[in-house]
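# Structural overview for review
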Amino acid sequence: MRVAFINPQGNFDSRDSYWTTHPDFGGQLVYVKELAVAMSGLGISCDIITRRITDPDWPEFAGDMDSYPGVENVRIIRIPFGPEGFLKKEKLWPYLDQFRKGIIDFYRQDRTMPSFITAHYGDGGLVGAMLFKDTGIPYSFTAHSLGAQKLEKLLQAGEDRARLEEKYNFSYRIAAERIAMKCSAVNFVSTSMERYQQYSHRLYRDFVNIGDDSKFRVVPPGVNTSIFKSEPTDLDARVEEKLTSALKGFVEPSRQNLPLIIVSSRLEPKKNHTGLVRAFSKDIALNEASNLLIVVRGMENPYDEYEKTDDPERAVLSEIIEIVRRNGVEKKVLFLNIESQLELAALYRVAGKLRSIFALTSLYEPFGLASIEAMACGLPVVATSNGGPSESLNENGVEYGVLVDPADPQDIARGLKRLINCDQDVWKSFRERAMNRVLDKYTWAATAKGYLDAIKELIKNTYPEPEIPDCIYTGMEIPFIES
Ligand SMILES: O=c1ccn([C@@H]2O[C@H](COP(=O)(O)OP(=O)(O)O[C@H]3O[C@H](CO)[C@@H](O)[C@H](O)[C@H]3O)[C@@H](O)[C@H]2O)c(=O)[nH]1
Ligand SMILES: O=P(O)(O)OC[C@H]1O[C@](O)(CO)[C@@H](O)[C@@H]1O
């Protein structure tokens, strides 16, 4: 059986380039690669179909085809569409019909055809629906993140609706998501709260029935336990040196053995680095007892390198540095340039020796692979209560991590202090529970099986012609969606 994975954003290559260096290279890439690799291990031919990017700054995405070393049965197929050059995900909407045509041409020439399509994010979901209309091949929709929650939380944080539209094109995104979830054979969700809470948002209410069991499958994602594990690797010593030198550079000698609060997320406003930094900076008991380590990519000392700019990643960084300076905590907040998931995992293990913790205090987090990866390496986690962590860190009254309200700096500080100030035994029991939780519940092999069980069942069914508005083929006249 052949399964296609539709990801218009591009960004897949054999070396996982930029996974850590750009805000457009996030969890969806990790999810799709790991799922395809695990499914191929079950004998399925997997095609990751994505954008071909002709851009001297992004040479890794220029070829038609690619693959992962040592992995059979997974093809990365790149289809050119839109103008030349790298485009951020928010700018792809007008060109998706070209992508659809390119995919169909590819399969005609290749003389193969997928039996099933998995479509990812709103843009992939829209293309899945178009392909279904053209070919009758059923598709699943995996949202990864739905626009409504991101829009809502950014508005609550004080952002302006029209500015948000300009930057994120929410109207296109939400219209695409509505079509994607309506016409799919099934919607894969990472938690049942994603089904009942995220899909029940009023902006989706008329497009999907969350009470319809046949439309949803809860399939949790996984952690690559050959990378994220508690056993040390050869890399740990090098990362320990890197951490020690950063501590020496940023932090006073008397504070270099304090526990670290580690944050490692895309530098994106919804990840709420600023809320975390504010909470840390203002709570003296907290910042006397710990240092805050912010993982960055491609820069050694943001204190020297930052500047006021429109680039969103740099803008988040500028805000962080302003809060730190305003509160006089420069000697308690350090940055570390981490270049791969292997280094990230090593950092978590090495930091564990200082009794450190991991923080993910996003305004809204649909699932949050980052937190379960840190848990797999033995770090207790403090995470947002908005979204997936409320399910992954809590089940049947057992706490696998500490949940906090990301909109309330005092609550963030409370959650952090609970793990920073606790007895060694309490920290250890959080660590043990966290590691076991991941091994029991979050493996990519289980994710692949969950997808395949559903797919096998679905391809037996026949599907009605979907009602897809023709405007999706023509640059889309999408109404401005009010919040
Ligand atoms: O220095 C870094 C920092 C991050 N990552 C990776 O980037 C991924 C980040 O994923 P996640 O924490 O899930 O965040 P997003 O990028 O925002 O991913 C979206 O898609 C994910 C998969 O569906 C969901 O878990 C998220 O909630 C959703 O926001 C993780 O695998 C990290 O290991 C690195 O490789 N290196
Ligand atoms: O921040 P948003 O718009 O909710 O999008 C999350 C998505 O962004 C990415 O992180 C990068 O494009 C995807 O991997 C992920 O699915």
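Treat the numbers as computed from the prediction; the structure is a model and nothing was measured. (Residues numbered from 1 in each chain as written. Chains lettered and ligands numbered in written order. Predicted model: local features only at pLDDT ≥ 70, side-chain atom pairs only at ≥ 80, totals over all residues. Heavy atoms only, no water.)

## With respect to the packing of helix H1 (residues 27-40) against helix H18 (residues 444-458)
When two helices pack together, their arrangement is given by the angle between their axes and by how far apart the axes lie. Running from amino to carboxyl end, H1 crosses H18 at an angle of 75°, the nearest separation of the two axes being 8 Å. Accordingly, the angle class assigned to the pair H1 and H18 is roughly perpendicular. Here Val30, Tyr31, Glu34, Leu35, Ala38 and Met39 of H1 lie close against H18, whose contacting residues are Trp444, Ala445, Thr447, Ala448, Tyr451, Leu452 and Ile455. Classifying every residue of the contact of H1 with H18 gives eleven nonpolar, one polar and one charged. (Axes fitted to C-alpha atoms, helices over the stretch in contact; angles between N-to-C directions. Helix = DSSP H or I, 4+ residues; strand = E, 2+ residues; numbered from the N terminus. Parallel < 35°, antiparallel > 145°, perpendicular 65-115°, else oblique. Contact = heavy atoms within 4.5 Å. Nonpolar A, V, L, I, M, F, W, Y, C, P; charged D, E, K, R; others polar.)

## Digging into the site of ligand 2
In the vicinity of ligand 2, 15 residues are found, and the nearest of them are Gln9, Lys89, Ser145, Arg173 and Lys270. Within the side chain of Ser145, an N or O atom sits 2.3 Å from an oxygen atom of ligand 2. Within the complex, 97% of the 400 Å² of free accessible area of ligand 2 lies under protein. Of the residues that constitute the shell around ligand 2, the class distribution is two nonpolar, six polar and seven charged. Of the domains in this structure, domain 1 (2-222 + 444-473) and domain 2 (235-441) are the two that each give at least three residues to the shell around ligand 2. (Near = heavy atom within 4 Å. Polar contact = N/O pair within 3.5 Å; in protein donor to acceptor, adjacent residues only side chain to side chain. Areas by Shrake-Rupley, 256 points an atom, 1.4 Å probe, with all protein chains shown as cover. Domains from an automatic or database assignment.)

## Notes on the site of ligand 1
Taken together, 23 residues lie near ligand 1, and Gly27, His144, Arg266, Glu365 and Glu373 sit nearest. In the environment of ligand 1, an oxygen atom lies 3.0 Å from a nitrogen or oxygen atom belonging to the backbone of Ala370. Here ligand 1, which alone exposes 690 Å², has 95% of that area covered by the protein. At the level of elements, H1, helix H13 (341-352) and helix H14 (369-376) are the ones that each hand at least two residues to the shell around ligand 1. Lining the shell around ligand 1 are residues from two domains, each supplying at least three of them: domain 1 (2-222 + 444-473) and domain 2 (235-441).

## Regarding the pairing of strand S11 (residues 333-337)
In terms of burial, S11 is largely enclosed, as five of its five residues are buried. Residue alternation in S11 divides its side chains into two sets, Val333, Phe335 and Asn337 and Leu334 and Leu336, and both sets are buried. The pairing of strand S10 (residues 291-296) with S11 spans five bridges and is parallel. When the bridges of S11 are listed, Val296 appears paired with Asn337. (Buried < 20%, exposed > 50% of the residue type's maximum accessible area, 1.4 Å probe, protein only. Pairing = 2+ DSSP bridges.)

## Topic: the packing of aromatic side chains
Tallying each qualifying case throughout the model produces 21 aromatic pairs. When the centroid spacing of 5.6 Å and the interplanar angle of 80° are considered together, the rings of Tyr31 and Trp444 count as edge-to-face. Separated by 413 residues along the polypeptide, Tyr31 in helix H1 and Trp444 in helix H18 bring together distant segments of the chain. The pair formed by Tyr31 and Trp444 is uniform in burial state, with each residue classed as buried. (Phe/Tyr/Trp six-rings, centres within 6.5 Å; stacked < 30°, edge-to-face > 60°.)

Nothing here speaks to function; it is geometry throughout.
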